[in-house]
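For reference, the chains in residue letters:
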Amino acid sequence: MKQLAILILSLFFVVAAKAQIAIDTLSTEALNQLLIEQVERLAEDSDEDIDFEDLLENYIFFSENPININSTEVMQLVELRLLNVFQYEELQKYRRYYGDFMFLDELEMVEGFDEQTLAIIRPVVCIEKDQSNDKLTLNKMARYGKHQIVGRYEQILEKQQGYQPIDDSALLAKPNSRYLGNPQKYQLKYTYNYRNKIRASFVLEKDAGEIFFTDKVGDTIQKLLGDKFYRGFDFVGFHLYAKDLGPVKAAVLGDYQLAFGQGLTLWSGMSFGKAGSGSSVMKQGRGITPKGSASEYAFMRGAAVTLGSGPFSGTLFYSNRMIDANISMVDTIENEAELVSSLQETGYHRTIGEILDRHAIRQQVVGGHLAYAIAHFEIGYTAHHTWLSAPLELKPSHYNQYYFQGKSLTNQGIDFKYVKGKYALFGEAAMSMNFDSTALRQAQGPLAFAGLVGLTVKPAGYLNFTLMYRDYGKAYQNLMSNAFGEGGRNQGQRGIYLGVEAAPAPYWNILAYVDQFQFTWLTSQVNAPSRGHDYYLRVSHSFNRRTHAYLQFRSKTKMKNSTDAFIFSHYPIFYTKNAVRFNINYELGWDIHCTNKAEYAYYRNDDGINEHGYFLCQDIAYKPENKPYSFSFRYAIFDAKDYNARIYAYENDVLYSFSVPALYGKGMRIYLLGKVKLFNALTLYARIGRTIYSDRDEIGSGLTLIEGNHKTDLKVEIIWKL
């Protein structure tokens with residue numbers, strides 16, 4: 001009888017363990033799917049290439065170092081769109097009434113935490129005792145700290161035009177006709193973390209085409225580059241970060257990012273904007289965050305500290321770093337002077353021209369943030385001043401008349417949030433002061449203003465919506481803002497946004513928004529004030545815990561100059577891009593995860609141009625339980641005649657990397673991704689992909705030109721955890 005009882009009990013624990021593994025797997029898949037959807041929307045919202053590494057760093061960091069659900073760090077889940085503001089308020093309300101959580105399953109008792117939410121946040125939260133009073137010692141840091149080393153190699157295997165052999169005389173005749181370095185990209189990163197309280201990082205990166213130690217560069221080219229010539233890793237970054245050290249809430253030395261208010265006065269780094277759900281456009285400023293990625297723009301380098309006591313907190317920061325810029329020399333009455341014709345943000349230093357622009361001027365930023373926060377209300381004041389070592393003077397144009405020019409710029413703003421019950425009111429008012437710009441002083445004076453205000457309401461548990469109005473003055477200037485808006489510049493724009501999120505029935509969810517906007521001044525594509533709208537609708541359904549699908553429709557209309565040769569070339573016309581996407585994720589047993597995606601895009605404009613595009617793909621991932629390996633495979637076909645009908649398709653990648661290519665033309669895309677855990681501390685990732693076109697014999701243009709109809713990309717990453 002006793003043996004039977006032991007057998008039954010053993011079987012119970014085996015089943016429970018397998019169930020927990022299944023729950024953890026489903027939770028990881030739910031979080032991955034949310035990340036994929038966010039990244040695809042971010043890519044679609046931007047007209048430029050985005051470096052998603054900072055976003056990925058946050059997700060991976062919290063997956064490997066979960067947030068204590070009983071700490072104030074939970075607010076970071078709101079900024080990452082893993083919780084909405086009402087769920088956060090209910091979480092804090094539950095803690096006030098019943099005390100700290102004792103186990104994670106207790107989250108099911110919090111109002112508004114549905115099964116999907118629980119699945120998403122489970123991998124990034126944990127239960128820990130309060131360690132705010134834990135004495136910090138070098139012995140504890142050495143014993144319990146986590147170390148990690150990540151090395152990555154990337155390369156396009158086919159030879160591109162920029163790497164073809166050329167002699168020095170021909171290169172001097174056309175200085176930007178070749179890359180000076182090899183086609184490999186290298187990255188090496190070391191990170192240290194002690195209980196999320198002490199963090200450190202050191203990162204090295206060399207992009208494809210940049211000069212490395214082994215590359216041969218002729219003496220003539222070296223002489224031309226002068227003191228700009230270098231060898232080795234092009235980017236070197238580091239930080240040392242600490243938090244919760246008595247009155248010091250956070251402090252950082254090295255590379256960091258700042259985010260306050262709604263991003264209108266100061267927000268360095270990535271911001272979601274419309275990529276959030278219909279009810280989550282209100283930002284949650286993270287304050288000081290260390291930067292551990294290798295992205296080479298939108299960050300500070302120096303020192304920052306946040307001090308706080310009770311409801312008051314204050315942040316002081318100083319940044320001093322060299323930035324890329326195009327420099328020109330002009331004659332003055334006394335001597336020659338340097339002028340900056342443009343600021344460069346690509347981070348590439350591959351050609352002679354790009355190297356000459358590298359670290360061309362010094363940028364200094366000093367400022368601070370004061371905040372007062374009580375249970376339901378928070379107000380903050382932010383101010384910062386920016387200096388450039390050489391004045392920025394843009395090539396004169398009608399559309400850039402109000403862009404920042406000069407050597408210095410002052411920004412300040414007030415932000416607020418009020419969240420209570422079923423209502424959340426938020427906003428920010430900002431002002432810029434530029435006394436250096438003659439054109440600006442003649443046009444309207446050195447002061448300019450911008451502002452936004454929004455209201456999120458949750459009238460019922462299954463419904464919430466957001467209404468937001470923004471008005472950014474045409475002369476408002478800020479080199480470090482990243483507020484909600486259309487396009488990447490918080491200037492010369494006003495609009496009204498309405499977003500809705502609803503759960504009309506169990507396992508059904510609806511997200512929708514309407515954004516009506518207008519540009520109050522000329523843009524680079526329109527020689528007149530213009531307007532447009534953005535409509536979005538997504539209906540998703542969970543058939544069961546293993547099968548989830550959604551249908552998405554988006555329509556965006558904007559204006560640009562006509563290209564019709566028979567009419568006035570500057571006449572503004574409307575253009576519209578509509579896109580419909582169907583996506584389904586399902587599992588075949590516990591080990592095989594599948595995704596099918598189909599998307600159709602349609603572009604048209606008033607010049608009579610009509611373009612179509614479609615994308616179909618099958619993803620298969622084999623992730624066996626308790627095995628040290630896993631594999632992912634994709635086969636996709638696409639047909640989009642022109643770039644206007646392009647389709648963005650997220651691809652699974654090595655752990656600390658992103659791939660969201662814009663596919664156009666006609667062809668197919670395949671890749672294979674593998675992961676192998678070689679030892680307990682060592683993991684190897686490798687991915688090889690190939691794009692094969694059937695409508696061309698050349699791929700790309702200029703220095704990226706490949707002769708042939710296919711392109712192969714390779715990535716290898718090694719992670720060593722100590």
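What you see is a predicted model, and the numbers here were worked out from it, not measured in a lab. Within any chain, residue numbers begin from 1 and follow the written order of that chain's sequence. Two thresholds apply to this predicted model, a pLDDT of at least 70 for residue-level local features and 80 or more for giving and counting side-chain atom pairs, whereas whole-chain, interface and lining totals are computed over all residues. The side-chain numbers reported here are obtained from all heavy atoms of the structure, hydrogens and water having been left aside.

Asks: Looking at this model, I keep getting lost on the overall build of the protein chain. Mind explaining?
Replies: Each helix and strand counted, the protein chain has ten helices and 33 strands in total. With 722 residues in all, the protein chain has 50% of them scored as buried. Taking the contacts inside the protein chain whose residues are at least 6 apart along the sequence as the reference set, 63% of them involve residues at least 24 apart. Each helix is a run of H or I in the DSSP string that is no shorter than four residues. Each strand is a run of E no shorter than two, and both are numbered from the N terminus. Summary of the burial criterion: residues with accessible area below 20% of their type's maximum are buried, those above 50% are exposed, and those between are partly exposed, where the area comes from a 1.4 Å probe applied to protein chains only. In what follows, residue pairs with any heavy atoms lying within 4.5 Å of each other are defined as contacts.

Asks: Sorry if this is basic, but what is going on with helix 2 (residues 53-64) here?
Replies: Count 3.6 residues to each turn of an α-helix, and residues three or four apart come out pointing the same way. Helix span, expected: 1.5 Å multiplied by one less than the number of residues in the helix. An ideal rise of 1.5 Å per residue puts 16 Å on twelve residues; helix 2 measures up with 16 Å between its terminal C-alpha atoms. Of all twelve residues that make up helix 2, nine are buried, and the element is covered over most of its length. Of the positions making up helix 2, those classed as buried are Glu53, Asp54, Leu55, Leu56, Glu57, Tyr59, Ile60, Phe61 and Phe62.

Asks: Looking at this model, I keep getting lost on the side chain of arginine 634. Mind explaining?
Replies: Inspection of the secondary structure puts arginine 634 in strand 26 (residues 629-640). With relative accessibility at 3%, the residue arginine 634 sits in the buried group. Here aspartate 619 takes part through its side chain, which lies 2.7 Å from a polar atom of the side chain of arginine 634. For the purposes of these results, a polar contact is taken to be a pair of N or O atoms within 3.5 Å, where, inside protein, one atom must be able to donate a hydrogen and its partner to accept one; residues adjacent in sequence count only when each atom of the pair is a side-chain atom. A distance of 2.9 Å separates the side chain of arginine 634 from the backbone oxygen of tyrosine 650, its partner in a polar contact.

Asks: I would appreciate a short explanation of the pattern of salt bridges in the present structure.
Replies: Oppositely charged side chains can form a pair if their charged atoms are brought close together. We define a salt bridge as a contact between a side-chain nitrogen of Lys or Arg and a carboxyl oxygen of Asp or Glu at a distance within 4 Å. Summed over the entire model, instances satisfying the criterion amount to 27 salt bridges. Ionic pairing is found between arginine 687 and glutamate 651, a salt bridge with its closest N-O pair at 3.0 Å. Taken together, the residues span a long stretch of sequence, with arginine 687 in strand 30 (residues 682-693) and glutamate 651 in the loop between strand 27 (647-648) and strand 28 (662-663) at a distance of 36 residues. Using a relative accessible area of 3% as the deciding quantity, one classes arginine 687 as buried. Residue glutamate 651 is classed as buried on the basis of its relative accessible area, which comes to 1%. Taken together, the shared-partner salt bridges connect Glu651, Asp653, Arg669, Arg687, Asp713 and Lys715 into one network.

Asks: Which parts of the structure should I look at to understand the pairing of strand 19 (residues 493-502)?
Replies: The two faces of the sheet receive side chains in turn, since in a regular strand these alternate between them. Strand direction decides the pairing type here: strand 18 (residues 463-472) and strand 19, joined by ten bridges, are antiparallel. The residue bridging threonine 466 from the neighbouring strand is glycine 499, located in strand 19. Paired strands are those between which DSSP finds at least two bridges. Here ten bridges tie strand 19 to strand 20 (residues 508-519), and the two strands are oriented antiparallel to one another. Each bridged residue has a counterpart across the sheet, and for glycine 499 the counterpart in strand 20 is tyrosine 513.

Asks: For this particular structure, what's the right way to read the environment of phenylalanine 61?
Replies: Along the chain, phenylalanine 61 turns up in helix 2. Here the alpha-carbon distance between phenylalanine 61 and valine 124, two residues 63 residues apart in the chain, equals 8.8 Å. Those residues within four positions of phenylalanine 61 in sequence are excluded, and the remaining contacts are Asn193, Asn196 and Arg199.

Asks: Got a minute to help me understand the packing of aromatic side chains in this structure?
Replies: Two numbers describe a pair of aromatic rings. These are the distance of the centres and the angle of the planes. Only Phe, Tyr and Trp rings are paired, with Trp represented by its six-membered ring, and only when their centres lie within 6.5 Å; those with planes under 30 degrees apart are stacked, over 60 edge-to-face, the remainder tilted. Counting across every chain of the model gives 21 aromatic pairs. On the basis of an interplanar angle of 70° and a centroid distance of 5.0 Å, the ring pair of phenylalanine 484 and tyrosine 497 is categorised as edge-to-face. Taken together, the positions of phenylalanine 484 in the loop between strand 18 and strand 19 and tyrosine 497 in strand 19 put the pair 13 residues apart, joining distant regions of the chain. The burial state of phenylalanine 484 is the same as that of tyrosine 497; both residues are buried. When the centroid spacing of 6.1 Å and the interplanar angle of 45° are considered together, the rings of tyrosine 629 and phenylalanine 631 count as tilted.

Asks: Explain empty space enclosed by the protein here, please?
Replies: Over the atoms rolls a probe the size of a water molecule, and in doing so it shows where empty space is left. The method works on a 1 Å grid over the protein atoms by themselves. A cavity is a set of points holding a 1.4 Å probe that cannot get out, a pocket is an open set with protein on both sides within 12 Å along at least five of seven lines, and residues with an atom within 4 Å of a point line them. Grid points are joined across faces, edges and corners, and a volume is the space filled by probe spheres set on the points. Under the defined criterion, the tally for this structure stands at two cavities of 30 Å³ or more. In terms of lining, the second largest cavity is formed by Leu104, Leu107, Leu118, Arg122 and Val125. Looking at side-chain class alone, the lining of the second largest cavity contains four nonpolar, no polar and one charged residues. Three residue categories are used. Nonpolar comprises Ala, Val, Leu, Ile, Met, Phe, Trp, Tyr, Cys and Pro, charged comprises Asp, Glu, Lys and Arg, and polar comprises the others, including Gly.

Asks: Whenever I open this one, the side chain of lysine 597 confuses me. Can you help?
Replies: With respect to the element layout, lysine 597 can be found in strand 24 (residues 592-605). Since its relative accessible area comes to 6%, lysine 597 is described here as buried. Setting aside residues no more than four positions away along its own chain, lysine 597 makes contact with Glu40, Arg581, Phe582, Asn583, Phe615, Leu616 and Cys617.

Asks: Could you clarify how one ought to interpret the pairing of strand 21 (residues 530-544) in this entry?
Replies: With twelve bridges joining them, strand 20 and strand 21 adopt antiparallel strand pairing. Bridging from a neighbouring strand, glutamine 518 pairs with arginine 531 of strand 21. Across eleven bridges, the pairing between strand 21 and strand 22 (residues 547-561) is antiparallel. Considered in strand 22, the bridge of histidine 533 is made with threonine 557.

Asks: Just checking my understanding: could you explain the environment of alanine 640 for this structure?
Replies: Summarising the element assignment, alanine 640 is placed in strand 26. On the basis of relative accessible area, alanine 640 is assigned to the buried category, the value being 1%. Residues alanine 640 and tyrosine 664, spaced 24 residues apart in sequence, show a C-alpha to C-alpha distance of 4.6 Å. When near neighbours in sequence (up to four residues on either side) are disregarded, alanine 640 contacts His612, Gly613, Ala645, Leu663, Tyr664 and Gly665.

Asks: I'm lost on a nonpolar patch on the surface in this one. Help?
Replies: Together, Tyr418, Tyr423, Leu425, Val453, Leu455, Leu467, Tyr469, Ile496, Leu498, Val514 and Tyr535 line one region of the surface with nonpolar side chains, adding up to about 900 Å² of accessible area. Elements represented by at least two residues in the nonpolar patch include exactly strand 16 (423-433), strand 17 (447-460), strand 18 and strand 19. With respect to the helices and strands, the residue valine 453 is situated in strand 17. For valine 453, a relative accessible area of 38% corresponds to the partly exposed category. Note on patches: the residues involved have over 30% relative accessible area and no salt bridge, like charges join within 9 Å, and the nonpolar side chains Val, Leu, Ile, Met, Phe, Trp and Tyr join within 5 Å. Working definition of accessibility: Shrake-Rupley area with a 1.4 Å probe, residue cover restricted to the visible protein chains.

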